Amino acid sequence: MSSTLIVLNLKTYLEGTGEGAVKVAQACKEVADDSGIEIGVAPQFCDIYRVASQVDLPVYSQSLDPVGAGSFTGHAFVQSIKDAGAVGTLINHSECRLTLANIDASITTAKNAALKTIVCTNNVATSAAAAALGPDYVAVEPPELIGSGIPVSKADPGVVTGSVDAVKRINPAVQVLCGAGISKGEDLAAALELGSVGVLLASGIVKAANPKAALEDLVSKV
Ligand SMILES: O=C(CO)COP(=O)(O)O
């Protein structure tokens, strides 16, 4: 496997049973095996166990709550996420934003459970702030490009290079992903060219008529 990472966020795109998530995850696994590129999926909380137990690929939670065992109702509890089979979690996605203090607490909670952490950011300044908290990855995603089909690597390359520079300066151990509007092989190639180590993406693959073919295109230029 190369050190490139692709994480496919399923959001709430797949209606109905979790079988849709399993199918997309299976396509990810096949393309990962054929290409040698690591591909993970972030399904709904309730689908983590189903996906992780049926498909041998890295599964991420879409978020978690920084609560321990005890008197907490309606929270996404890290130990349950881990026991369901997740290897990591997104934190602070633009569609699930947190305060800085809660980002910090979520990173600590995930790390204590040995889950990988991907903190989403919306610009260079927040990428720098997130890097100071020491996650495994910062994933910069300008919200205005999310779901737009316009790739960040083309529309706003400066936010990627700026994040890479800022993160390197603040904490060189943190790696940078980028996302928003990414769907094609040229988008991933451009993202790597800009200094990120991979992409976090969703609609271009999940909503494609043939997700496996879309994934094959995505990895075709690496
Ligand atoms: O929000 C994203 C991934 O977390 C990006 O979404 P799109 O790939 O649909 O732009």
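Residues numbered from 1 in each chain as written. Predicted model: local features only at pLDDT ≥ 70, side-chain atom pairs only at ≥ 80, totals over all residues. Heavy atoms only, no water.

(A) Quick look at the UniProt feature "active site" (unreviewed entry) in the protein. Sites flagged by UniProt as "active site" (unreviewed entry) map to His-93 and Glu-141. Across 49 residues, the annotated set stays spatially compact, with a maximum C-alpha separation of 8.6 Å. Put simply, the named residues that line the largest cavity are His-93 and Glu-141. Apart from the residues lying within four places of it in its own chain, the contact partners of His-93 are Asn-9, Lys-11, Cys-120, Glu-141 and Ile-146. Counting through the fold element by element, Glu-141 comes out in the loop between β6 (137–140) and α6 (152–155). For Glu-141, a relative accessible area of 5% puts it in the buried group. Each residue touching Glu-141, except ones within four places of it in the same chain, is listed here: His-93, Ser-94, Cys-120, Thr-121, Asn-122, Ile-146, Gly-179, Ala-180 and Leu-200. A polar contact is formed between the side chain of Glu-141 and the side chain of His-93, at a distance of 3.1 Å. (UniProt positions renumbered as here; feature names shortened; annotations may be inferred. 1 Å grid on protein atoms, 1.4 Å probe; cavity = no way out; pocket = protein on both sides within 12 Å on 5 of 7 lines; lining within 4 Å. Contact = heavy atoms within 4.5 Å. Helix = DSSP H or I, 4+ residues; strand = E, 2+ residues; numbered from the N terminus. Buried < 20%, exposed > 50% of the residue type's maximum accessible area, 1.4 Å probe, protein only. Polar contact = N/O pair within 3.5 Å; in protein donor to acceptor, adjacent residues only side chain to side chain.)

(B) Quick peek at the packing of helix α5 (residues 124–132) against helix α7 (residues 157–170). Between α5 and α7, whose axes approach to 8 Å, the crossing angle comes to 30 degrees. Between α5 and α7, the crossing angle belongs to the class labelled roughly parallel. Regarding α5 and α7, the two cross each other, and that crossing is right-handed. Contacts between α5 and α7 involve Val-124, Ser-127, Ala-128, Ala-131 and Ala-132 from the first element and Gly-158, Val-159, Gly-162, Ser-163, Ala-166, Val-167 and Ile-170 from the second. (Axes fitted to C-alpha atoms, helices over the stretch in contact; angles between N-to-C directions. Parallel < 35°, antiparallel > 145°, perpendicular 65-115°, else oblique. Left-handed = near helix turned anticlockwise from the far one by under 90°.)

(C) Structural context of the packing of helix α1 (residues 19–35) against helix α10 (residues 211–218). Direction vectors running N to C along α1 and α10 enclose 30 degrees, while the axes themselves pass 9 Å from each other. Crossing hand, α1 versus α10: right-handed. Contacts between α1 and α10 involve Ala-27, Cys-28, Glu-30 and Val-31 from the first element and Lys-212, Leu-215 and Glu-216 from the second. Among the residues forming the contact of α1 with α10, the class breakdown is 4 nonpolar, no polar and 3 charged. (Nonpolar A, V, L, I, M, F, W, Y, C, P; charged D, E, K, R; others polar.)

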